Each structure stands twice: as C-alpha cells, then as structure tokens.
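# Descriptive structure summary
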Amino acid sequence: MTKRTLLFFIFHFSFLILFAQTISITTDHTQLVLQVNSQKRLCQTYLGERLSGQTDLSGLSMPQAGLSSSCIRGLEAYPVMGTEDYYEPTFEIRHADGNPTSVLKYQQHSQQGDLTSIVLRDEVYPVEVTLYYKVFPKEDIIQQWAEIRHEEKGKVYLGRYASSMLYFEAPNYYLNEFASDWAKEMQMLDQELKFGKKVVDSRLGTRANLMAQPFFEVGLGGPVRENEGTVLMGTLGWTGNFRFTFEVDNQHVLRVVSGINHDASSYLLRKNDVFRTADFFFTLSQNGLGEGSRRFQRWMMNHQLHKAKDDRMTLLNNWENTYFDFNEEKLVALFGEAKDLGVDLFLLDDGWFGNKYPRKDDHAGLGDWQVTKDKLPQGVPYLVKKAKENGVAFGIWIEPEMVNPKSELAEKHPDWLIQLPSRDTYYFRNQMVLDLCNPKVQDFVFGVVDDLMQENPEIKFMKWDCNSPITNIYSPYLKENQGNLYVDYVRGLYKVLDRVQEKYPDLYMMMCSGGGGRSDVVGLRYFTEFWCSDNTDPIERLFIQWGYSHFMPAKAMCAHVTEWNRRASIKFRVDVAFQGKLGFDIGLKGLSNDDRQYCREAIKEYKRLKEVVWSPNLYRLVSPYEGQHCVVQRVDDSKSKSVVFAYDIHPRYGETILPTRLMGLDAEAKYRVKEICLMPGKQSWLPCNDKVYTGDYLMKVGIKVTSTNDLASHIIEVVKE
Ligand code: GLA
C-alpha cells in the first residue's frame, strides 16, 4: 500500500467513525432509525415494528436497491428543495443573496428522556434546522417538529417548512382520507396510491377544515382494515392551513410530507428569530385502525386534551330551538327546561349582542360584544343569576375572530379587518375575519372573553365559533410581508388562547367552526371539546362520529340531540349522541311525555356510565360504511365494564342477523349483559338480555344486538360478575 493510499484510507475511515452516527427513536412498539451518511447527511434507514435489542442498526438501509441518485444517496430526513432529491421536499429557503438552496449537514444530536433533537446546518450559509422527535412510548405516538433559524443580514424567505418526512417501502399503499364539507364532516374515502403525488390540504386559513380534515391513514401493503394490517395514522396539530403530500417515487418508495401548507405563505424570517413548524403526530399500528385509534385517544386523554381528566357538562343549547328569536322570558323558561331535563348547563347561542346593529340574524352585529339592551335589558348577569336559581350553570356563544361589516367595530377599526385593498370584498356568511397578526386585535379578541368573565365570573362555558374562512387575503398590519399572514394568524390565535387559558383555567370551551371546520389536536390543547358538525341527523352522525373516533376521544366530541331527521325516534337520536359528549338542542315542549321521560332517564344513565363511554378503549365492531348497521363498544381499563351501542339504519328485507363479537374483555371472566335506556314501559327483547356469558364466549361467539328493524337502537351494559 502506498503512503497516499494509506492516507486516503485513514482519512475516509476516520470520517466514517466521525459521522456514521445511528440515531434510534423508539416507542413500545415502533422504531425509527436515522443514520448520518458519509456526506454528513441525515437519512432514514428504518421505520417499522420495534426491532430486538440484538439487531445491528448500523447495517440498515432504505431502500434496499435503487438506480436513481436520490435513492443511492439515501432518503434524507429533511430534504431540501433544489438539491439532489427530485421529489417533494420538506424545506425551501431563499437566502438574502437570492440563492434558493441549502445543504443541511448533521452537526450534533442529543437524546434526553423522550426527546431527541438533531441539529443540521448549512455549511455555506448561516442557517440551522433542528429536528425534534418526541416519543410517547406507552401510547406509541411520535411527535415531530423542526425549528429553523438563520443569521443572515438581508431578507430570508422560507418557501417550505414541513414538520416531517417519512419513507415507507411496501408492495402497495392505500390512503384513507377524511373528506369534509359543511354538515358532511369526516367522510372516509380510500384510494390506492400509485406513482406520483396525492395532496390533501387546506388553504382556508380560519375555518380550515371545511373541505378536508387534518387526519390521514395509510395502509402499507393493503387497504386499511379495522383490526389487521400495518397502518400509518397521522395528524397535523395546527389550527390553520395544513398539507399532506403522499408521493410514490420511481423506486416505489412512499414519501409522506406533513406540515403547514406553504401555498401563498412564503415566510419572511428575521435574523435569529426561531420559526417553529407545526407538530406532526403519528402512530404505526401493526393491528389495523382500531389499535391506532385507541392509541390516539389514549394519547389525547393523557397528554393533549385540555382538562382531559376533568368532568364534562351535559347541556341544553338554544340554537336550533330559538335561533335568534329569544328574550329574557324565553331564556329563563329554557333554564327551567334544562333543570327539568337534568342537564348541567344552559348554553346561550348566537344573537345576544349588538346595539347599533343588533344581531337579529347573521347579517349584522358580529364584533360588537355588548348585550342587546332591548332584547336582554338586564344583561348577562341577570341570565347567569337566573340560570343559577334554576340549578344549572351558564354558558355563552362567542365568535370573537369575526366581524360583520355592519358593526360598530368595522366602522371604528377598518384597519383591523383582513381585506384586499382595491378589490371587491367577498363575504362568507356575511362576515370577515379580524387580523389576528395585529397585537391590538389579539388584545381585542382576548378582551371579548375577559370582559364577559370580569362581569360574570360564574360563566362556566364558552362556545367559540369561527364561521368564515379567510376570504380576502391581505393583512393591513403585515404590509409587504403578506406571506406571513396564514402562519402569523394562527400564532396570534394561540397567543390569545394562551392568555385565556392562563387567566381562566377553569373555563370549559367548545371549539366550533360552523360545525367541525376546526378540529385539530393542538386546538384541543386549549378547548375542552369540539362541535363535530351542524349535522345532527343521527344517521349522518353515525358516520361523522365514526370518522372522528379514529383520532378523537369521545369526551371531546360534542353530540347533541336535535330535531334533525324526525323520522328517527327520540331514543335513536339520544342513543347516537350518548356515544359522545351528550347535549340537547331541542324544544322540549314539542316532546311527548314518554320522550321527555326517556331523555331524563338517559341523562341519568349517561352520568352513571360516562367514564366507560369516554374510555379510550374503543372497538368499532360493525361499520355503517359496510352495511345497514353500526355497532361500537367501549371498555374500561380494568375490563370490568363495557358499553355496547348498536344501531340499525335501514336493513334489507329478510336480512340475516349475525351475532356481533365483542372485543377487549377478559376471556376468563363472566359478564352480565343488560340492555339499558329503554323507553318507558318497554322491555328488552334482545335474546342476550340479562344473561351471563364468559368474556371468551362474548368475544368468540358473540351476541345478537342488531335487528331487521328500521332505525332501531340499543345500549347494552356488560358488567363483570
Ligand atoms: C355555527 C355553529 C352553530 C351555531 C351558529 C350560530 O353555524 O356551528 O352551532 O352556533 O353558528 O350562528
């Protein structure tokens, strides 16, 4: 060996020792392995089922073989626009001198407890990106985000700033997305992913999830199934524009990029400011969607949902009962009805505010949060007092980010409104969005809550609505930095919500957006619950709640009994709402005595069983997507109590009814099965009623809980003997 060859060898060998770093990130069942290659680039070499401690991680590589340069080079954990990878990147930057690339090289990493951070740096420009991976081992959830910083003097723009890039190798890929519209939230749609891209995104700004929801599921090796197969389930925690890109490349590798939507959002980042991307959360289940859903629900209950361990209040809402047409007398009568029903709270909806432009309908008044004097002359304090006298707590509706042009606020502060100069304004539901990028507007929005609470410290609940997307995208406050609008809006909203939470930690709040137009998991760090949909037709709700249950805990899913679809009995409507956070939005006077009595008894049963109903141990047994029935089951952690909800929609004539096999029970134990929530004077006709079975029998043989009846429902309690 010549001296020169020896030196070459030593140089390269030491380089490898220096940079052949392997970083392993694990939960109880999942493992992500990253490796620094010889060019100091950070690549994903494995993502899958947790490997045994004996496995040599340094030998892993992904994909196994390949011809294209990007694959030979490796699959970069945070690929940058404009370099060797030809596919959808995670990061794009325009330096002050106009150079549109960065090459990010590994610098160092640290692993402390559940958090891994990896610092990458451009060696030519002073730009640093730190990737974060936080694990929730028991819940098998991984959280990913990045922080971006630079020290350049001129203007630096971020063109893309995703939170995560994940790579998969499987024979085929099937996406399950959750399509949406007003009154049609979380409709499951599946499709095979072939070569090229599929994008699921939102560009609506505020009512961001109106048309697409920030959740997805990918079956790796086959379509997603409930209890079998490998499935990736992911969601972006961001109360604004999101984007998921699923790209199958020329090596049949699936690339999943998740983050804030960068469309129309080229972000001006100032020197030394830290740009924190949104949080991406995912789980990789080897046993289908059911297991993934239980993990997400458990994680929400243990780590994410605001006041997750606290109780929730059943309520009576007046929206569908009175709409805008109410006065003090009507409301006080409704407090009495709430008391009679046995709910905990009365929620006063839209229409209580505005004087110069009173809120008689949805054309005026938004922004003027003073009580309408001629409608409610004694103000909110009187209503709070009267509710209390009737033994119910009081809650109130607000929509503080929005404004009607017909309002004193719009007249006084035209510069607070998001609107395009020198263009016609397009109004969604006759309203516009306030510019939450502006700190003065943030103060105003906080003030809406603060003023109400200062005047009425006994308000227990607020429904925070948000009916319009951002329609005329221009922030007077940001001036020439319009690319920052969509991102800074959400940050402004979080600043306000942080202040609300800090000052009023006991306040329960519902996140609402013309139904489920806002329904992300970071929003629920501030809100105790969310309104799944304005559609409360119980049949539609079976589908909507089925969809949300893939990620969201029952405790957070507001489900109200209303007049929608009166073909369905009150029992059917209540039994559907019983699955979530139960409420009523209905005129009780129109109900028969039996129906009223049913509601009263059901509320009592709900209060008795709510801990089981809200348990994250959800088993979706019969899908409404596959036939005319729907059965779901909840089991408590100790497997001593379970509740089964069974619904028949419109069964075909002569259909054979099969037993439904329960899940999640203790096979060895004996359980008594009992139908509860029966109409006054009615007996259960279910063959299993009041019988004792082993858990083994219930899970292997099953019980008949569905029927050939139209719109029938059963709630069944299963209790360990
Ligand atoms: C939205 C909500 C409804 C109701 C109305 C009031 O549409 O989703 O529940 O509060 O606003 O205007």
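First things first, this report covers the structure right here in the doc. Computed from a predicted model, the values in this text were never measured in an experiment.

So, about the layout of surface pockets. Reported here for the largest pocket is a volume of approximately 690 Å³. Surrounding the largest pocket, 30 residues form its lining, Trp546, Leu621, Val622, Ser623 and Glu626 being those nearest its centre. Mapped by element, the contributors of at least two residues to the lining of the largest pocket are strand 11 (187–193) and strand 30 (618–622). Residues that form the lining of the largest pocket fall into these classes: 13 nonpolar, 10 polar and seven charged. For the lining of the largest pocket, the two domains that each supply at least three residues are domain 1 (3–304) and domain 3 (618–720). Approximately 380 Å³ is the volume found for the second largest pocket. Gly367, Asp368, Trp369, Gln370 and Asp451 are, among the 19 residues lining the second largest pocket, the residues nearest its centre.

Let us look at the packing of aromatic side chains. Two aromatic rings, taken as a pair, are described by how far apart their centres are and by the angle between their planes. Counting across every chain of the model gives 37 aromatic pairs. Between the aromatic rings of phenylalanine 281 and tryptophan 299, the centroid separation amounts to 4.5 Å while the plane-to-plane angle is 45°, which identifies the pairing as tilted. Here phenylalanine 281, found in strand 19 (residues 279–285), pairs with tryptophan 299, found in helix 3 (residues 288–304); they are 18 residues apart in sequence, far enough to count as distant. Here phenylalanine 281 matches tryptophan 299 in class, with each residue buried. A centroid spacing of 5.6 Å and a plane angle of 20° characterise the contact between tyrosine 494 and tyrosine 526, whose relative ring orientation is stacked.

On to empty space enclosed by the protein. In this structure the tally under the stated criterion is six cavities of 30 Å³ or more. Estimated volume of the largest cavity: approximately 110 Å³. Surrounding the largest cavity, 13 residues form its lining, Ser549, Gln579, Leu618, Val632 and Arg634 being those nearest its centre. Mapped onto the lining of the largest cavity, the elements with two or more residues apiece are helix 10 (538–548), strand 30 and strand 31 (629–635). The residue makeup of the lining of the largest cavity, split by class, is eight nonpolar, three polar and two charged. Lining the second largest cavity are 13 residues, with Ala162, Arg243, Val257, Ile260 and His262 positioned closest to its centre. Broken down by element, the residue count for the lining of the second largest cavity peaks at four residues, all from strand 16 (residues 253–260).

Turning to the site of the ligand, a few remarks are in order. Neighbouring residues of the ligand: 13 residues in total, closest Asp349, Asp350, Lys463, Asp465 and Asp534. Within the side chain of tryptophan 397, a nitrogen or oxygen atom sits 3.1 Å from an oxygen atom of the ligand. A distance of 3.0 Å is found between an oxygen atom of the ligand and a side-chain nitrogen or oxygen belonging to arginine 429. Per-class residue counts for the shell around the ligand are four nonpolar, three polar and six charged.

Attention now goes to the sheet that holds strand 33 (residues 670–676). Judged by pairing direction, the sheet is antiparallel, and its six strands sit side by side in the order 30-31-32-35-33-34 without closing on themselves. Among the strands making up the open sheet, the edge pair consists of strand 30 and strand 34 (691–694). For this sheet the average axis-to-axis angle between neighbouring strands, irrespective of direction, equals 25°. Alignment of strand 32 (residues 641–648) against strand 35 (residues 712–720), held across eight bridges, turns out to be antiparallel. Looking at the pairing, lysine 641 lines up with valine 719 of strand 35.

Counting 191 residues, the largest nonpolar core has Trp352, Phe394 and Phe584 as its most contacted members. If one sorts the elements of this core by residue count, helix 9 (residues 485–503) sits on top with 10 residues. Residues in contact with phenylalanine 394, not counting those within four places in the same chain, are Phe335, Leu345, Phe346, Leu348, Val380, Leu383, Val384, Ala387, Glu458, Ile459, Lys460 and Phe461. Tyr619, Val631, Val644 and Ile703 belong to the second largest nonpolar core, which has 19 residues in total.

Evaluated as defined, the whole model comprises 53 salt bridges. Between arginine 525 and aspartate 279 there is a salt bridge, and its shortest N-O distance comes to 3.9 Å. A residue pair is termed long-range when its members are at least 10 positions apart, and arginine 525 in the loop between strand 26 (508–511) and strand 27 (529–531) and aspartate 279 in strand 19 qualify at 246 residues. By relative accessible area, which is 5% here, aspartate 279 ends up buried. One salt bridge in this structure joins aspartate 696 and lysine 700, with 2.8 Å as the shortest N-O distance. Pair noted here: aspartate 696 and lysine 700 are both in helix 13 (residues 695–700), with a separation of four residues, about one helical turn. By relative accessible area, which is 30% here, aspartate 696 ends up partly exposed. Linked by salt bridges that have partners in common, Glu88, Glu92, Arg160, Lys197 and Arg243 make up one network.

So, how was this worked out
- Residues numbered from 1 in each chain as written.
- Predicted model: local features only at pLDDT ≥ 70, side-chain atom pairs only at ≥ 80, totals over all residues.
- Heavy atoms only, no water.
- 1 Å grid on protein atoms, 1.4 Å probe; cavity = no way out; pocket = protein on both sides within 12 Å on 5 of 7 lines; lining within 4 Å.
- Points joined across faces, edges and corners; volume = space filled by probe spheres on them.
- Helix = DSSP H or I, 4+ residues; strand = E, 2+ residues; numbered from the N terminus.
- Nonpolar A, V, L, I, M, F, W, Y, C, P; charged D, E, K, R; others polar.
- Domains from an automatic or database assignment.
- Phe/Tyr/Trp six-rings, centres within 6.5 Å; stacked < 30°, edge-to-face > 60°.
- Buried < 20%, exposed > 50% of the residue type's maximum accessible area, 1.4 Å probe, protein only.
- Near = heavy atom within 4 Å.
- Polar contact = N/O pair within 3.5 Å; in protein donor to acceptor, adjacent residues only side chain to side chain.
- Pairing = 2+ DSSP bridges.
- Axes fitted to C-alpha atoms, helices over the stretch in contact; angles between N-to-C directions.
- Core = buried A, V, L, I, M, F, W, Y, C linked by side-chain atoms within 4.5 Å.
- Contact = heavy atoms within 4.5 Å.
- Salt bridge = Lys/Arg side-chain N within 4 Å of Asp/Glu carboxyl O.

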